[in-house]
Every structure is written in structure tokens, then in C-alpha cells.
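Coordinate inspection notes
The residues making up each chain are set out below.
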Amino acid sequence: TERVSPSVVWLSAILARGTMAGMGGGQSGAEIYTYEAPWLVYAMNWSVRQDKRFRLALGSFVEEYSNKVEIITLDEQRREFPAEPTHRFDHPYPCTKIMFVPDTEGTGEDLLATSGDYLRVWRIGDDGVHVKSLLNNNKNSDFCAPLTSFDWSTTNLARVGTSSLDTTCTIWDLEKETVDSQLIAHDKEVYDIAWGGPEVFASVSADGSVRVFDLRDKDHSTIVYESPTPDTPLLRLGWNKQNPRYMATMEMDSSKVVVLDIRVPALPVAELKRHRAAVNTLAWAPHSSRNICTAGDDAQALIWDLSSVAQPGEDGMDPMLAYNAGAEISQLQWSATQTDWIAIAFGKNLQVLHV
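To keep things clear, this report deals only with the structure shown in the data block. (Residues numbered from 1 in each chain as written. Predicted model: local features only at pLDDT ≥ 70, side-chain atom pairs only at ≥ 80, totals over all residues. Heavy atoms only, no water.)

1. Some words on the overall build of the chain
What the chain contains, in helices and strands, is one helix and 28 strands. Within the chain, the proportion of its 355 residues that are buried is 58%. Accessible surface, the chain as shown: approximately 14600 Å² in total, 47% of it carbon and sulfur. (Helix = DSSP H or I, 4+ residues; strand = E, 2+ residues; numbered from the N terminus. Buried < 20%, exposed > 50% of the residue type's maximum accessible area, 1.4 Å probe, protein only. Areas by Shrake-Rupley, 256 points an atom, 1.4 Å probe, with all protein chains shown as cover.)

Here's what the structure looks like:
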């Protein structure tokens, strides 16, 4: 069966080849807000600044060079996302990920980063959005290996780690606009990366492994999990910010999410099995170590409570909350500053849900 929702593998293949209109009617009061974009939505994320409450960025998924990124803000009185033409801009190829600078105090520049053919940092102003930095680690070659994902360090705002189809992870110093480190991380394409501390990050790959790296010892990495099905890619990685012992990942085309305790390598502490089709995306709660949200091609966003994760027999675990979007969910983000709000993307829609 043909997959309708964009996946990181599909998106990477496209890159490699080329390289809310308003409230939905009757939607339970002010608990759900919907924005309809003019194109399929793939990348999407929340602003983390306290003074920009319901601000999000979203990227188009169009199978050609010319794509778009848009920054939208909810008008809480009118309960809709008004058009902001000054904050809609062109982006080469679809972005694989979007992140606002994780500066909760809002003391520094208002920045946004995107990954695709390169890592770009954008400066957001009242008059629009402009490129601040284009970070290219392949200056000696006309060919660029597309970036599948990146993560912005919350403990060092000058540090961003990227994952690439060329099997590497690159750590950038944004202030100097130079490479801090580049590591051959895996045997095959790297699909996601996540920080777990100031010097520690992890990645997942088409080689089916989760590997942890410490920048203080760049010659070694630790494999904390390998897919039980040989040569099955792991697509997404979530590292629990409240309890860094825990990670979550999932295999390509799998309806199951695997929760890992890095103190017990190789053996999952839980498997979340209530999706009825492939899982595309996951997000740990930013405020609670025990909650995680998962979403996928069954159009469901499920929130789980892992407080009993240490108990045996977790195969039968049920989610504590379920939301049906009516179409395959390609993206999910949990707001770091308004922790009772989750955003999902499906088709041309971005929806923010009060949980």
C-alpha cells in the first residue's frame, strides 16, 4: 500500500535526487485550533519564548525545489491563526525539521533553524524572516548530503547537532559558524539525532541501531539498542528531558514504539503497541518524565503514562488519551512552555490540541 504521509525516508530520497484558516466547526470550544496551509505540512514546531505563546513554524512538503516555511501565531481572542504574509518565506526543498532557538527567556535573538540540503539559521524580525547563517560542511564538493534532522542544545544555545544521509553527525558552533566536531556515527544513513546533556547526544540510523556519543571521548560510541529485525531502519529518536535514562524510538513501517532505559542496553523496558498502522513521530512530555505522545498513519495521536514502566507484562499497556485526526499524522510536537498543548500535522492541516 502506498504511504500517504511524508516520511523521513521518502523526504530524504527527494532531497538526495535534487541535491489555520480558522477554527474548525464544532470542535469542543477552545480546546482545538486548526490552521489550513496551502500545501502539505511536514516539518513543524513550537516557539519556546514565554512572550510568544501560540507561535509555531511549519514547512511545506512539495516534491520540487521550491518550498515554503511559514510562522503563524494564534489570535486567542478571535480563536484563529491570521495570515502573516511577512513571515512566509521560500525554502529550498522541503525542510526535514524546524526548531526555534530554545531560549525560553527570550533574551537573545529571535531565531529559527531548518534542515534540508543544508542547515540554515533564520533571524525573525517584525518586517520578516532573513537568513542569518547557511552552514555547509561540504565546501569542496558540488554535492551535498541531505540532512535528515537536527537538534538544538538547550544547555548551549550556540550548539546544534545534525544527522545526515552520509552516515555522519555534525556538531556546529553557531556563534563561530564552524564545525565543532564531525563523527562517522553509523554504518548507514543517520535519520535522527537528540541531545541528552551538554556533551552527550544520540542518533538512530538505517543500520537499525541507537548509538550514544560523548563529545569528551569522540573515538567511542555506545550501542544502546539494535533493531531485532536485521537491516530495519530506526527512524525517530526521543530522549526524555526530565529523566535522561529513557529514550524512545521506532522502526520504519512499524506500528510499535520502543521505550529504552539506557542503563539496560538492548532490552526495551516497554513496547507501545496500540497503533494500527505505521508510527511516524513521537514526543516526550517536556514537563513530566512519564508521559510520551506518539502518532502515525492510523490518524491517531496517543498519550501514554509510563509510570508503571518497571512492572512486567507491559505489552498490554493502553494509552491514557487518544485523539483521532481523521488523516495520517506526519508530525507531532509538544509545547515546552505551554505543556498542556500539543501540535499535530496531517495533510494540509496544523492542529493544536489542549491535553
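Once you've had a look at it, read on.
2. What to know about the nonpolar core
In a soluble, globular protein the nonpolar side chains are often hidden away together inside. L56, L58, F81 and V352 are the most contacted members of the largest nonpolar core, which totals 18 residues. For this core, the secondary-structure elements that each account for two or more residues are β1 (32-36), β2 (41-46), β3 (55-60), β27 (341-346) and β28 (349-354). Excluding residues within four positions of it along the chain, L56 makes contact with M44, N45, W46, E70, I71, I72, F81, F100, A343, L350 and V352. (Core = buried A, V, L, I, M, F, W, Y, C linked by side-chain atoms within 4.5 Å. Contact = heavy atoms within 4.5 Å.)

3. A look at the pairing of β3
Among the six residues in β3, six count as buried, and that is most of the element. Both faces of β3 are covered, namely the face carrying R55, A57 and G59 and the face carrying L56, L58 and S60. In the sheet, β2 pairs with β3 via four bridges, with the strands oriented antiparallel. Residue pairing in the sheet places V41 in a bridge with S60 of β3. Note: β3 against strand β4 (residues 66-73), five bridges, orientation antiparallel. In the sheet register, L58 faces β4, and the bridge partner there is E70. (Pairing = 2+ DSSP bridges.)

4. Digging into the pairing of strand β10 (residues 147-152)
In terms of burial, β10 is largely enclosed, as six of its six residues are buried. Here five bridges tie β10 to strand β11 (residues 159-164), and the two strands are oriented antiparallel to one another. The residue bridging W152 from the neighbouring strand is V160, located in β11.

5. Some points on the sheet that holds strand β6 (residues 97-100)
Read from one edge of the open sheet, four strands run β6-β7-β8-β9, paired in antiparallel fashion. Either end of the sheet is taken by a strand with one partner, and the two such strands are β6 and β9 (128-135). Averaged over all pairs of adjacent strands, the angle between strand axes in this sheet comes to 25°, irrespective of strand direction. Where β6 lies against strand β7 (residues 111-115), four bridges are found, and the strand directions are antiparallel. (Axes fitted to C-alpha atoms, helices over the stretch in contact; angles between N-to-C directions.)

6. A few points about unusual backbone geometry
One non-glycine residue with positive phi stands out, namely Y93, at about 60°. Among the secondary structure elements, Y93 is positioned in the loop between β5 (88-92) and β6. One non-glycine residue, E177, lies in the positive phi region at around 55°. With respect to the element layout, E177 can be found in the loop between β12 (168-173) and β13 (178-184).

7. With respect to the packing of aromatic side chains
Two numbers describe a pair of aromatic rings. These are the distance of the centres and the angle of the planes. Taken as a whole and assessed by the stated rule, the structure comprises nine aromatic pairs. A ring pair is formed by F54 and W341, whose centres lie 5.0 Å apart and whose planes are at 90°; its orientation type is edge-to-face. Here W341 lies in strand β27 and F54 lies in the loop between β2 and β3, a separation of 287 residues in the sequence. On the accessibility criterion, F54 (3% relative accessible area) is buried. Residue W341 is classed as buried on the basis of its relative accessible area, which comes to 9%. Positioned above the aromatic ring of F150, the side-chain terminus of K97 is 5.9 Å from the ring centre. (Phe/Tyr/Trp six-rings, centres within 6.5 Å; stacked < 30°, edge-to-face > 60°. Lys NZ or Arg CZ within 6 Å of the ring centre and 35° of its normal.)

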